[in-house]
Amino acid sequence: MQQNRPDSQQKILSAPFFVGLPGEAAAKATAKMVTRQHPAHQVILLENDWGNSVYFILSGWVKIRTYNLDGKEVTLNILGVGEMFGEMAPLDQVPRSTDVITLTPSTIGSLPASDFVRLIETEPIAGIHLARLMAKRLRQVNRRLRLRESDSTSRVADVLLFLAEGQGTKVSSGVEIPNLPHRELSSLSGLARETVTRVLGKLERKGLITRDGDRDVLCILDPNGLENLLA
């Protein structure tokens, strides 16, 4: 389904990237936005595609994936509402380096790459926002790389905190994140799925997390307790 409605434009303007930008410049940059609804597990971008658009998530979750030398799928990141993807290819004018697939039914707004690049070139605040986004993602990658040699509990705890930082919702009982399939947590942590399942059970018994199957969410009851588990 394809849309181009004022309410969708307002949603995209509320994304962190656009907050603080001059209203006229932001509205002009998003004027040609096209919004589409996608089912779960649909490919949005493929590695080696050319970067003709930049994308913003208006609802749902997507994963960024690639493959290692053995052909095994590796999940690099999981993004949710308000986050952007596909911004690098238009900037350095090279093909996409990863795939992007929806994890849940999602609404995605796409902006022409030329309008996005023009905004970066003409609005210093937009450039600062992009630099901060890149710095944040680099910090996250570095932290996860440092923990690759840690024990399984530390690695699962780090993934949960990573998801909470990106898209956690604060509630009275803690921080809620989607209760992702264990295969996704396995790929993010670099652990076997069975190991992830065992660690999640241990964290739940310790009272650090709880899982709500009816709402398909995982609640981090004690974020500081998870932080203390990081080796």
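Rules used throughout
- Residues numbered from 1 in each chain as written.
- Predicted model: local features only at pLDDT ≥ 70, side-chain atom pairs only at ≥ 80, totals over all residues.
- Heavy atoms only, no water.
- Axes fitted to C-alpha atoms, helices over the stretch in contact; angles between N-to-C directions.
- Helix = DSSP H or I, 4+ residues; strand = E, 2+ residues; numbered from the N terminus.
- Parallel < 35°, antiparallel > 145°, perpendicular 65-115°, else oblique.
- Contact = heavy atoms within 4.5 Å.
- Nonpolar A, V, L, I, M, F, W, Y, C, P; charged D, E, K, R; others polar.
- Salt bridge = Lys/Arg side-chain N within 4 Å of Asp/Glu carboxyl O.
- Buried < 20%, exposed > 50% of the residue type's maximum accessible area, 1.4 Å probe, protein only.
- Phe/Tyr/Trp six-rings, centres within 6.5 Å; stacked < 30°, edge-to-face > 60°.

> Honestly, the packing of helix α6 (residues 152-167) against helix α7 (residues 182-189) in this entry has me stumped. Any pointers?
Between two packed helices, what matters for the description is the angle formed by their axes and the separation of those axes. Packing of α6 against α7 leaves a shortest axis separation of 9 Å and a crossing angle of 105 degrees. Judged by the angle between their axes, α6 and α7 are roughly perpendicular. On the side of α6, the interface is formed by Arg155, Val159, Phe162 and Leu163, while α7 contributes Leu185, Leu188 and Ser189. Its residues placed into classes, the contact of α6 with α7 shows 5 nonpolar, 1 polar and 1 charged.

> Hey, could you run me through the pattern of salt bridges in this one?
Think of it this way: side chains of opposite charge can pair up when their charged atoms draw near. Counted under the stated rule, the structure contains 8 salt bridges. The shortest N-O distance in the salt bridge between Asp99 and Arg65 comes to 3.0 Å. Taken as a pair, Asp99 in strand β8 (residues 99-102) and Arg65 in strand β5 (residues 62-67) lie far apart in primary sequence, 34 residues in all. Here Asp99 matches Arg65 in class, with each residue buried. Overlapping salt bridges, with partners in common, bring together Lys63, Arg65, Glu73, Asp99, Arg183 and Glu184 in one network.

> Help me out: how do you make sense of the packing of aromatic side chains in this one?
Ring pairs (aromatic) are described by centroid distance and by the angle formed between their planes. Taken as a whole, this structure holds 5 aromatic pairs when the rule is applied. Between the aromatic rings of Phe18 and Phe56, the centroid separation amounts to 5.2 Å while the plane-to-plane angle is 40 degrees, which identifies the pairing as tilted. Of this pair, Phe18 sits in the loop between α1 (6-13) and α2 (23-29) while Phe56 is found in strand β4 (residues 53-59), placing the two residues 38 residues apart along the sequence. Taken individually, Phe18 and Phe56 each receive the classification buried, so the pair is uniform in this respect. Judged by centre distance (5.2 Å) and plane angle (10 degrees), the rings of Tyr55 and Phe85 are stacked. Residue Tyr55 is found in strand β4, and its partner Phe85 is found in strand β7 (residues 84-85); the two are separated by 30 residues along the sequence. Judged by its relative accessible area of 3%, Phe85 falls in the buried class.

Nothing here speaks to function; it is all geometry.
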